[in-house]
Amino acid sequence: MLFAQRIAITAVLIGSSLIIGSCAVDNIPEVQQIDGIALLEADPNWPAPMPEDWSWGQVLGVSVDNQDHIWVTHSAQVVEFDPDGNLLRTWGGPEAGPEWPSMLHGLFVDHNDYVWSAAREQHTIFKFTKDGEVVLTIGQMEEMGNSHDPYLLGRPAELYVDPDTNELYVADGYTNRRIIVYDAETGEYLRQWGAYGNEPDDDYQYPEEGTQLSQQFRLLHGITSSKDDLVYVADRTNSRVQVFNQDGTFVMEQRVSEGPSAAFSLAFSTDPDQHFLYVADGTAHRILILRRETLEVLGEVGSEGSGVGQLGRPHNIATDSKGNLYVAEANPGMRAQKFSFMGIGSF
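Residues numbered from 1 in each chain as written. Predicted model: local features only at pLDDT ≥ 70, side-chain atom pairs only at ≥ 80, totals over all residues. Heavy atoms only, no water.

Student: Where do I start with the overall build of the protein in this structure?
Tutor: Counting its secondary structure elements, the protein contains zero helices and 26 strands. Counting every position in the protein, which comprises 347 residues, the buried fraction comes to 59%. Contacts spanning at least 24 positions in sequence make up 52% of the contacts within the protein whose residues lie at least 6 apart. In the structure as shown, the protein presents an accessible area of about 14100 Å², 46% of it carried by carbon and sulfur atoms. (Helix = DSSP H or I, 4+ residues; strand = E, 2+ residues; numbered from the N terminus. Buried < 20%, exposed > 50% of the residue type's maximum accessible area, 1.4 Å probe, protein only. Contact = heavy atoms within 4.5 Å. Areas by Shrake-Rupley, 256 points an atom, 1.4 Å probe, with all protein chains shown as cover.)

Pasting the structure below:
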């Protein structure tokens, strides 16, 4: 039975055994401090009731456009909702024909209203109009490249388009180990880098868990950029967030959990300084709340389950202009949820 549930925000104490952080340069974001933590409350009425014949598949991407419309990838379909959760349109999927991707992974609606997603298992990125017309592809269907190939991808995960430069940033990370950047208009290759701003190395042997910091990304999954032009990535299996300048210069990092695979996706609070960074932990079924300036973990929302406000493998997250958080749940959750921003609470 559906029920309204207030999701408590719990401050967590962070010791050196839990969080490992480092920084390399002086341009760590300077933001006005907020004394408290974001409060988020699950909305039991979002989305609105779906058609009777509707059946959710894995929801592997979510994005919010300039009108605060919420877009999700649902199996191989793209779905648009208005802010109240009313279904507006769907496109793609088997009805689009045999050449349509078998799965769409990650989603981003850019400042020019183009919809981006990745056919992860077919190593290709698509740029669509809002009606589903393909206007650009990057990569070759069914052809995988390594971490040094400029135009072939290796199971890309999430992506992001910078509104100031119109550059596409891709977490090319399920097989490859890099951030790769393209011109979002032409698809021209621009640059790339690996963990710590170094060259990606596909032959690197990962250290045993807990012995030393991995010098390469290990399933680079989430990527976004802040208003002050810093690139944030979720290095999933390494359970860490790394931050870079747009040229690939390493800024800082933080391991967000002792457990493995704790960093799936990233989103910012929508106050002017983007004080909070949200991190989806799809393994522990929660959303971590970090102080963006320091990457200190302040608290979390959600717990494993299928009730309102509980989570079943949160995979991708996004925020709207009012600070509300939207969560795309993969298997077993297989749904999209809204967490309303309720202001700032005390620890």
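So that's the structure; there's more coming.
Student: In this structure, what is going on with the sheet that holds strand β25 (residues 325-329)? I would like to understand it.
Tutor: What links the strands of a sheet is backbone hydrogen bonding, and the strands pair in either a parallel or an antiparallel sense. The strand order β3-β26-β25-β24 describes an open sheet built from four strands, whose pairing is antiparallel. Bordering the open sheet on either side are β3 (37-42) and β24 (314-319), each of which pairs with just one other strand. The average angle at which neighbouring strand axes cross in this sheet is 30°, direction not considered. Where β3 meets strand β26 (residues 335-345), five bridges bridge the pair, whose relative direction is antiparallel. Pairing of A42 across the sheet is with F339, part of β26. (Pairing = 2+ DSSP bridges. Axes fitted to C-alpha atoms, helices over the stretch in contact; angles between N-to-C directions.)

Student: For this particular structure, what's the right way to read the pattern of salt bridges?
Tutor: Pairing between side chains of opposite charge can happen when the charged atoms of each approach one another. One pass over the structure, following the stated rule, counts 15 salt bridges. R240 is the salt-bridge partner of D235, the closest N and O atoms lying 2.7 Å from each other. We note that D235, like R240, is buried. One network of salt bridges, with partners in common, ties together D65, D113 and K130. (Salt bridge = Lys/Arg side-chain N within 4 Å of Asp/Glu carboxyl O.)

Student: Would you take a moment to explain the pairing of strand β23 (residues 296-301) for this structure?
Tutor: Within a regular strand, side chains alternate between the sheet's two faces. With five bridges connecting them, strand β22 (residues 286-291) and β23 associate as antiparallel partners. Pairing of I289 across the sheet is with G299, part of β23. In this structure, the hairpin formed by β22 and β23 is closed by a connection of four residues, where L295 is found at a positive phi of approximately 65°.

Student: Looking at this structure, I do not really get the sheet that holds strand β13 (residues 167-172). What am I missing?
Tutor: Taken together, four strands build an open sheet; the order of strands is β12-β13-β14-β15 and the sheet is antiparallel. Two strands lie at the open edges of the sheet, namely β12 (159-162) and β15 (189-193), each paired on one side alone. For this sheet the average axis-to-axis angle between neighbouring strands, irrespective of direction, equals 20°. Note that β13 and strand β14 (residues 178-183) share six bridges and pair antiparallel. Directly across from A171, in β14, lies its bridge partner I179.

Student: What is the right way to read unusual backbone geometry from this model?
Tutor: Trans is the common state for peptide bonds, and a negative phi is the common state for residues other than glycine. For the bond from W46 to P47, the omega torsion is -5°, close enough to zero to count as cis. Of note, P47 is situated in the loop between β3 and β4 (59-64). Here the residue pair N331 and P332 is connected by a cis peptide bond, since its omega of 20° sits within 30 degrees of zero. Checked against the element boundaries, P332 lands in the loop between β25 and β26. Located in the positive-phi region is R155, a residue other than glycine, with phi close to 60°. A relative accessible area of 22% means that R155 is categorised as partly exposed.

Student: How do you make sense of the confidence of the model for the protein when you look at a structure like this?
Tutor: Mean pLDDT over the protein stands at 92; residues scoring 70 or higher make up 90%. Here residues 1-19 scores under 50 on pLDDT; set against residues more than four positions off or in separate chains, the count is 50 contacts. (pLDDT = per-residue confidence, 0-100.)

Student: Looking at this model, I keep getting lost on the side chain of Q192. Mind explaining?
Tutor: Secondary-structure assignment places Q192 in strand β15. Looking at Q192, its side chain comes within polar contact range of the main-chain oxygen of S147, at 2.7 Å. There is a polar contact of 2.7 Å between the side chain of Q192 and the side chain of R178. (Polar contact = N/O pair within 3.5 Å; in protein donor to acceptor, adjacent residues only side chain to side chain.)

Student: What am I meant to see in the pairing of strand β18 (residues 240-245) here?
Tutor: Counting buried positions over the six residues of β18 gives six, a clear majority of the element. Burial along β18 is two-sided: the residues R240, Q242 and F244 and V241, V243 and N245 are all buried. The sheet contact formed by strand β17 (residues 230-235) and β18 spans six bridges and is antiparallel. When the bridges of β18 are listed, L230 appears paired with N245. Between β17 and β18, which follow one another and run antiparallel, lie four residues, and S239 among them has a positive phi close to 55°. The antiparallel pairing of β18 with strand β19 (residues 250-255) creates a hairpin that spans four residues between the two strands, and G248 there sits at a positive phi of about 95°.

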